[in-house]
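Residues per chain, in single letters:
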Amino acid sequence: TAFLTNESRRRMVDVSHDIYAELWVTPETQKIWDDFAQNVYEHDDVELSVRNRYFLEHLKRFIADQRDPVFVNLGAGFTSYPFLVDSKCRSIEVDFQHVIDFKKQKINLWQEEGKLPKRDIEFLAADFSNASDIAKLKAALVEKCGISPTFFLIEGVTYYLEKSVLERLLNLIGFVQQSGSILGFEYW
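What you see as residue numbers is a count from 1 along each chain, following the sequence as written. Thresholds applied to this predicted model are a pLDDT of at least 70 for local features of residues and 80 or more for the giving and counting of side-chain atom pairs; totals over whole chains, interfaces and linings are not thresholded and use all residues. Derived side-chain values reflect all non-hydrogen atoms in the structure, with water molecules and hydrogen atoms excluded from consideration.

### So, the overall build of the protein
- Comment: elements are numbered from the N terminus, with helices defined as DSSP H or I runs of at least four residues and strands as E runs of at least two. When helices and strands are counted, the protein shows eight helices and five strands.
- Element order for the protein, N to C, with α for helix and β for strand: α-α-α-α-β-α-β-α-β-α-β-α-β.
- For the radius of gyration, the atoms used are the C-alpha atoms, and the globule rule reads 2.2 Å times the number of residues raised to 0.38. A globule of 188 residues ought to have a C-alpha radius of gyration of about 16 Å, and the protein, at 16 Å, matches this closely.
- Along the first, second and third principal axes, the C-alpha set of the protein runs to 45 × 35 × 30 Å.
- Taking all 188 residues of the protein together, the buried fraction comes to 48%.
- Only heavy atoms enter the contact rule, under which two residues are in contact if any of them lie within 4.5 Å. Pairs at least 24 residues apart make up 69% of the contacts formed inside the protein by residues separated by at least 6 positions.
- Methods summary: accessible areas were calculated by the Shrake-Rupley approach with a probe of 1.4 Å, and residue burial reflects only the protein chains presented. Carbon together with sulfur atoms contributes 52% to the accessible area of the protein, which is approximately 9,700 Å² in total.
- Just so you know, the count uses Lys and Arg for positive and Asp and Glu for negative, and it drops His and the chain ends. Note that the charge is assigned to NZ on lysines, CZ on arginines, CG on aspartates and CD on glutamates. For the protein, the distance from the average site of its 22 positive side-chain charges to the average site of its 29 negative ones is 5 Å. Per-residue accessibility, obtained with a 1.4 Å probe over protein chains only, is compared with the maximum for each type, and a residue is labelled buried under 20%, exposed over 50%, and partly exposed between these values.

### Description of the pairing of strand E4 (residues 150-154)
- With respect to burial, E4 is a largely interior element, five of its five residues being buried.
- Only when DSSP finds a minimum of two bridges between them are two strands counted as paired. As paired strands, strand E1 (residues 70-74) and E4 are joined by five bridges and run parallel to one another. Bridge assignment links Val72 to a residue of E4, and that residue is Phe152.
- Sheet topology places E4 next to strand E5 (residues 182-185); four bridges connect them, and they run parallel.

### What to know about the pattern of salt bridges
- Whenever a carboxyl oxygen of Asp or Glu lies within 4 Å of a side-chain nitrogen of Lys or Arg, that contact is scored as a salt bridge. Counted under the stated rule, the structure contains 11 salt bridges.
- With a closest N to O distance of 2.5 Å, Lys103 and Glu93 form a salt bridge. Note that Lys103 is positioned in helix H6 (residues 97-112) and Glu93 in strand E2 (residues 90-95), a separation of 10 residues in sequence. This pair shows no difference in class: Lys103 is buried, exactly as Glu93 is.
- One salt-bridge network, in which partners are shared between bridges, spans Arg9, Glu47, Arg51, Glu155 and Glu186.

### Overview of the sheet that holds E4
- Strand order in the open sheet formed by five strands is E3-E2-E1-E4-E5, with parallel pairing between adjacent strands. At either margin of the open sheet sits one strand with a lone partner, and together these are strand E3 (121-125) and E5. Across this sheet, the average inter-strand angle for adjacent strands is 15°, counted without regard to direction.
- Lines fitted to C-alpha atoms define the axes, with helix axes restricted to the stretch in contact, and inter-axis angles between N-to-C directions lie between 0 and 180 degrees. In the packing of helix H7 (residues 131-145) onto the sheet, the strands contacted are E1, E2, E3 and E4, and the crossing angle to E2 comes to about 175°.

### Considering the nonpolar core
- Buried residues of nine kinds, namely Ala, Val, Leu, Ile, Met, Phe, Trp, Tyr and Cys, make up a nonpolar core once their side-chain atoms join them within 4.5 Å. Counting 23 residues, the largest nonpolar core has Leu74, Phe128, Leu137 and Leu141 as the members making the most contacts within it.
- With six residues, helix H8 (residues 163-176) is the single largest residue contributor to this core.
- Every residue in contact with Leu141, bar those within four places of it in the chain, is listed here: Val72, Ile92, Leu124, Gly146, Phe152, Leu172 and Val176.
- Counting 22 residues, the second largest nonpolar core, distinct from the first, contains Leu59, Phe78, Cys89 and Leu153.

### Considering a nonpolar patch on the surface
- Together, Leu170, Leu183, Phe185 and Tyr187 make up a nonpolar patch on the protein surface, roughly 370 Å² of accessible area in all.
- Within the element layout of this structure, Leu183 appears in strand E5.
- Its relative accessible area of 35% is what places Leu183 among the partly exposed residues. A residue counts toward a patch only above 30% relative accessible area and without a salt bridge, and it is joined to like-charged neighbours within 9 Å or, for Val, Leu, Ile, Met, Phe, Trp and Tyr, to nonpolar neighbours within 5 Å.

### Regarding the packing of aromatic side chains
- Here is the rule: rings of Phe, Tyr and Trp (six-membered ring for Trp) pair when centre to centre is within 6.5 Å. Planes less than 30 degrees apart are stacked, more than 60 are edge-to-face, and the remainder are tilted. Tallied over the entire structure, the rule returns 13 aromatic pairs.
- Ring centres of Trp24 and Phe78 lie 4.2 Å apart, and the angle between their planes is 5°; this geometry places the pair in the stacked category. Within this pair, whereas Trp24 is found in the loop between helix H2 (13-16) and helix H3 (27-39), its partner Phe78 is found in the loop between E1 and helix H5 (81-84), the two being separated by 54 residues in sequence. Here the two residues Trp24 and Phe78 agree in accessibility, since each one is buried.
- The rings of Phe3, Trp24, Phe78, Phe102 and Trp110 are connected pair by pair, giving a single aromatic cluster.

Below, the structure written as structure tokens:
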């Protein structure tokens, strides 16, 4: 789904403002997207582009209004948010280990090639359905976020999570966030 999301955002870059989404798109991705649009939902490009733009605009305003902001993207997939905002924002991206490994490899390559700007991104691996992973993630986020205002984002993952897992994530966020922080949340 991370590849398909980028194809949707690429198709409507004038709406999504995700100028880096195209990096993740391959001919295979385009073919899968076309099949998905024909058999499942033909307006995925509209929905995902509007969603990206909505969260991006809120994130930009948050960063502009804060000193030492931290952006935490839970279930980050292959989103481009850290590259679309001011570099003064520290970013923490959380996803499965295999997703993080693949994304880090691609980001390093694209930065070497000059296709992506340098950004301060930390990557944390976690399976949200694993209570031990959530406990480790909570401890890591408390340490890394400290007293900084945070913008937590949960986008495109809620439909994969059982209610108890989602409640655990929301409790984690409530514990980590300081006054003046924001939660961006999309629920299906």
